[in-house]
Amino acid sequence: MSCIITVTREYGSGGRLIAKMVSQRLGIPFYDKDIIALTAKKSGFTEEFVRAAEEKKTVSLLYSLYMTSLPVSDQIFLAQSQVIQEIHKQGSCIIVGSCADYILRDESNCLNVFVYAPLEERIKRVKEEHGDFNEDIRTYILKQDKKRVTYYNYFTQNKWGHANNYHLSINSAMGLETAVNIIIEAAESFGV
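Residues numbered from 1 in each chain as written. Predicted model: local features only at pLDDT ≥ 70, side-chain atom pairs only at ≥ 80, totals over all residues. Heavy atoms only, no water.

Draft legend 1. Inspection of the overall build of the protein at higher detail. When its secondary structure is counted, the protein shows nine helices and five strands. Each helix and strand of the protein, placed in order from N terminus to C terminus, yields the pattern β-α-β-α-α-α-α-β-α-β-α-α-β-α. A globule of 192 residues ought to have a C-alpha radius of gyration of about 16 Å, and the protein, at 17 Å, matches this closely. Along the longest, intermediate and shortest principal axes, the C-alpha atoms of the protein span 50 × 45 × 30 Å. Within the protein, the fraction of its 192 residues that count as buried is 45%. Of the accessible surface of the protein, which amounts to about 10200 Å², a share of 51% is contributed by carbon and sulfur atoms. Here the protein contributes 22 positive and 23 negative side-chain charges, whose respective centroids are spaced 4 Å apart. (Helix = DSSP H or I, 4+ residues; strand = E, 2+ residues; numbered from the N terminus. Rg over C-alpha atoms; globule rule 2.2 N^0.38 Å. Buried < 20%, exposed > 50% of the residue type's maximum accessible area, 1.4 Å probe, protein only. Areas by Shrake-Rupley, 256 points an atom, 1.4 Å probe, with all protein chains shown as cover. Lys, Arg positive; Asp, Glu negative; His and termini not counted. Charge placed at Lys NZ, Arg CZ, Asp CG, Glu CD.)

Draft legend 2. Representation of the side chain of D32. Residue placement: D32 occurs in the loop between β2 (30-31) and α2 (34-43). Here the side chain of D32 touches R16 through a polar contact of 2.5 Å, side chain to side chain. When near neighbours in sequence (up to four residues on either side) are disregarded, D32 contacts R9, R16 and V96. (Polar contact = N/O pair within 3.5 Å; in protein donor to acceptor, adjacent residues only side chain to side chain. Contact = heavy atoms within 4.5 Å.)

Draft legend 3. Structural detail: the layout of surface pockets. If you add up the space inside the largest pocket, you get close to 880 Å³. Taken together, 32 residues form the lining of the largest pocket, with R9, Y11, D32, K33 and R148 sitting closest to its centre. Every element with two or more residues in the lining of the largest pocket is listed here: β1 (4-9), α1 (15-26), α3 (47-54), α7 (119-130) and α8 (137-155). Counting residues per element, the lining of the largest pocket draws most heavily on α8, at six residues. Split by residue class, the lining of the largest pocket holds ten nonpolar, nine polar and 13 charged. (1 Å grid on protein atoms, 1.4 Å probe; cavity = no way out; pocket = protein on both sides within 12 Å on 5 of 7 lines; lining within 4 Å. Points joined across faces, edges and corners; volume = space filled by probe spheres on them. Nonpolar A, V, L, I, M, F, W, Y, C, P; charged D, E, K, R; others polar.)

Here it is as C-alpha coordinates:
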(Lines give C-alpha, C1' and ligand atoms only; values in the text may rest on other atoms or scores of the structure.)
Protein backbone atom coordinates (compact mmCIF):
# COMPACT_ATOMS: atom_id res chain seq x y z
CA MET A 1 0.00 0.00 0.00
CA SER A 2 1.24 3.48 -0.81
CA CYS A 3 1.27 6.49 1.48
CA ILE A 4 1.20 10.11 0.45
CA ILE A 5 2.62 12.57 2.97
CA THR A 6 1.57 16.18 2.55
CA VAL A 7 3.53 18.88 4.36
CA THR A 8 2.07 22.32 4.97
CA ARG A 9 4.42 24.69 6.75
CA GLU A 10 4.98 28.11 8.17
CA TYR A 11 7.60 30.10 6.31
CA GLY A 12 11.04 29.46 7.79
CA SER A 13 9.88 26.52 9.95
CA GLY A 14 12.09 24.05 8.09
CA GLY A 15 9.08 22.13 6.79
CA ARG A 16 10.54 21.79 3.31
CA LEU A 17 13.85 20.54 4.72
CA ILE A 18 12.05 18.07 6.95
CA ALA A 19 9.98 16.80 4.02
CA LYS A 20 13.12 16.38 1.91
CA MET A 21 14.83 14.43 4.72
CA VAL A 22 11.79 12.15 5.12
CA SER A 23 11.77 11.57 1.36
CA GLN A 24 15.45 10.60 1.39
CA ARG A 25 15.11 8.29 4.40
CA LEU A 26 12.04 6.52 2.98
CA GLY A 27 13.35 6.49 -0.59
CA ILE A 28 10.16 8.00 -2.01
CA PRO A 29 9.71 10.89 -4.47
CA PHE A 30 9.60 14.48 -3.21
CA TYR A 31 7.44 17.14 -4.88
CA ASP A 32 7.68 20.84 -4.11
CA LYS A 33 8.57 23.25 -6.89
CA ASP A 34 8.01 20.36 -9.33
CA ILE A 35 4.27 20.91 -8.81
CA ILE A 36 4.62 24.36 -10.37
CA ALA A 37 6.44 22.98 -13.43
CA LEU A 38 3.90 20.18 -13.88
CA THR A 39 0.99 22.60 -13.43
CA ALA A 40 2.49 24.97 -16.00
CA LYS A 41 2.81 22.12 -18.47
CA LYS A 42 -0.78 20.98 -17.89
CA SER A 43 -2.32 24.48 -17.96
CA GLY A 44 -0.25 26.01 -20.75
CA PHE A 45 0.82 28.94 -18.56
CA THR A 46 4.47 29.71 -17.82
CA GLU A 47 6.06 28.55 -14.57
CA GLU A 48 6.53 32.18 -13.53
CA PHE A 49 2.82 32.86 -14.07
CA VAL A 50 1.80 29.78 -12.06
CA ARG A 51 4.21 30.74 -9.24
CA ALA A 52 2.80 34.27 -9.16
CA ALA A 53 -0.78 32.96 -9.09
CA GLU A 54 0.08 30.80 -6.05
CA GLU A 55 1.28 33.88 -4.19
CA LYS A 56 -1.86 35.92 -4.42
CA LYS A 57 -5.58 35.65 -3.95
CA THR A 58 -7.75 35.31 -7.00
CA VAL A 59 -9.31 38.29 -8.74
CA SER A 60 -12.18 40.29 -7.30
CA LEU A 61 -15.77 39.09 -7.25
CA LEU A 62 -16.78 42.03 -9.48
CA TYR A 63 -14.26 40.92 -12.13
CA SER A 64 -15.52 37.34 -11.85
CA LEU A 65 -19.12 38.44 -12.45
CA TYR A 66 -18.16 39.90 -15.84
CA MET A 67 -16.10 36.95 -16.96
CA THR A 68 -17.76 34.07 -18.78
CA SER A 69 -15.00 31.65 -17.83
CA LEU A 70 -13.20 30.88 -14.60
CA PRO A 71 -10.64 33.41 -13.38
CA VAL A 72 -7.10 32.44 -14.34
CA SER A 73 -6.12 31.73 -10.73
CA ASP A 74 -9.01 29.24 -10.45
CA GLN A 75 -7.95 27.59 -13.74
CA ILE A 76 -4.42 27.23 -12.38
CA PHE A 77 -5.70 25.77 -9.10
CA LEU A 78 -7.80 23.20 -11.01
CA ALA A 79 -4.79 22.21 -13.14
CA GLN A 80 -2.67 21.96 -9.97
CA SER A 81 -5.34 19.76 -8.36
CA GLN A 82 -5.27 17.43 -11.35
CA VAL A 83 -1.46 17.23 -11.18
CA ILE A 84 -1.59 16.35 -7.47
CA GLN A 85 -4.25 13.68 -8.10
CA GLU A 86 -2.06 12.19 -10.86
CA ILE A 87 0.97 12.16 -8.53
CA HIS A 88 -1.14 10.47 -5.85
CA LYS A 89 -2.00 7.64 -8.24
CA GLN A 90 1.69 6.93 -8.88
CA GLY A 91 2.38 5.71 -5.33
CA SER A 92 4.12 6.82 -2.16
CA CYS A 93 5.61 10.31 -2.16
CA ILE A 94 5.84 13.58 -0.25
CA ILE A 95 4.11 16.72 -1.50
CA VAL A 96 4.98 20.10 0.03
CA GLY A 97 2.39 22.87 -0.02
CA SER A 98 0.05 23.50 -2.95
CA CYS A 99 -3.04 22.73 -0.83
CA ALA A 100 -2.24 19.03 -1.34
CA ASP A 101 -3.65 18.13 2.08
CA TYR A 102 -7.02 19.55 1.03
CA ILE A 103 -6.94 18.20 -2.53
CA LEU A 104 -6.28 14.68 -1.19
CA ARG A 105 -8.56 15.02 1.86
CA ASP A 106 -10.71 12.02 0.92
CA GLU A 107 -7.77 9.65 0.42
CA SER A 108 -7.32 7.17 3.29
CA ASN A 109 -3.62 6.69 2.53
CA CYS A 110 -2.73 10.37 2.97
CA LEU A 111 -0.86 11.61 6.06
CA ASN A 112 -1.24 15.39 6.44
CA VAL A 113 1.47 17.18 8.42
CA PHE A 114 1.72 20.82 9.49
CA VAL A 115 5.16 22.13 10.50
CA TYR A 116 5.42 25.27 12.60
CA ALA A 117 7.97 26.97 14.84
CA PRO A 118 8.21 30.00 17.12
CA LEU A 119 8.81 33.19 15.15
CA GLU A 120 12.29 33.69 16.64
CA GLU A 121 13.32 30.19 15.45
CA ARG A 122 12.02 30.97 11.97
CA ILE A 123 13.89 34.28 11.86
CA LYS A 124 17.09 32.48 12.82
CA ARG A 125 16.59 29.80 10.15
CA VAL A 126 15.81 32.34 7.40
CA LYS A 127 18.94 34.34 8.32
CA GLU A 128 21.05 31.16 8.16
CA GLU A 129 19.59 30.00 4.85
CA HIS A 130 19.38 33.32 3.02
CA GLY A 131 22.16 35.38 4.56
CA ASP A 132 21.78 39.12 4.09
CA PHE A 133 18.26 40.43 3.89
CA ASN A 134 17.30 43.84 2.51
CA GLU A 135 14.11 44.16 4.53
CA ASP A 136 12.93 43.42 8.04
CA ILE A 137 13.00 39.61 8.30
CA ARG A 138 10.17 39.47 10.83
CA THR A 139 7.89 41.44 8.49
CA TYR A 140 8.97 39.35 5.49
CA ILE A 141 8.20 36.06 7.24
CA LEU A 142 4.79 37.28 8.38
CA LYS A 143 4.02 38.45 4.82
CA GLN A 144 4.94 35.03 3.43
CA ASP A 145 2.67 33.32 5.95
CA LYS A 146 -0.13 35.74 5.12
CA LYS A 147 0.18 34.89 1.42
CA ARG A 148 -0.08 31.18 2.27
CA VAL A 149 -3.07 31.75 4.54
CA THR A 150 -4.90 33.84 1.93
CA TYR A 151 -4.29 31.34 -0.89
CA TYR A 152 -5.14 28.28 1.21
CA ASN A 153 -8.25 29.76 2.81
CA TYR A 154 -9.54 30.99 -0.56
CA PHE A 155 -9.23 27.65 -2.35
CA THR A 156 -10.17 25.28 0.46
CA GLN A 157 -12.95 24.96 3.00
CA ASN A 158 -10.35 24.66 5.76
CA LYS A 159 -8.33 27.18 7.72
CA TRP A 160 -4.58 27.09 7.13
CA GLY A 161 -2.64 25.91 10.16
CA HIS A 162 -5.62 24.73 12.22
CA ALA A 163 -4.64 21.49 13.92
CA ASN A 164 -7.90 19.69 13.15
CA ASN A 165 -7.01 19.78 9.42
CA TYR A 166 -3.89 17.66 9.92
CA HIS A 167 -3.04 14.26 11.31
CA LEU A 168 0.12 15.66 12.82
CA SER A 169 1.34 19.14 13.78
CA ILE A 170 5.03 19.39 14.60
CA ASN A 171 7.01 22.20 16.22
CA SER A 172 10.31 22.04 14.34
CA ALA A 173 12.07 23.81 17.22
CA MET A 174 12.41 20.33 18.73
CA GLY A 175 14.96 19.61 15.99
CA LEU A 176 14.65 18.63 12.36
CA GLU A 177 15.85 15.08 12.92
CA THR A 178 13.31 14.55 15.70
CA ALA A 179 10.54 15.87 13.44
CA VAL A 180 11.68 13.53 10.65
CA ASN A 181 11.57 10.53 13.00
CA ILE A 182 8.06 11.40 14.19
CA ILE A 183 6.75 11.75 10.63
CA ILE A 184 8.34 8.45 9.57
CA GLU A 185 6.81 6.67 12.55
CA ALA A 186 3.39 8.13 11.71
CA ALA A 187 3.82 7.25 8.02
CA GLU A 188 4.52 3.62 8.92
CA SER A 189 1.02 3.39 10.35
CA PHE A 190 -0.26 4.50 6.93
CA GLY A 191 1.64 1.75 5.15
CA VAL A 192 4.88 3.28 3.89
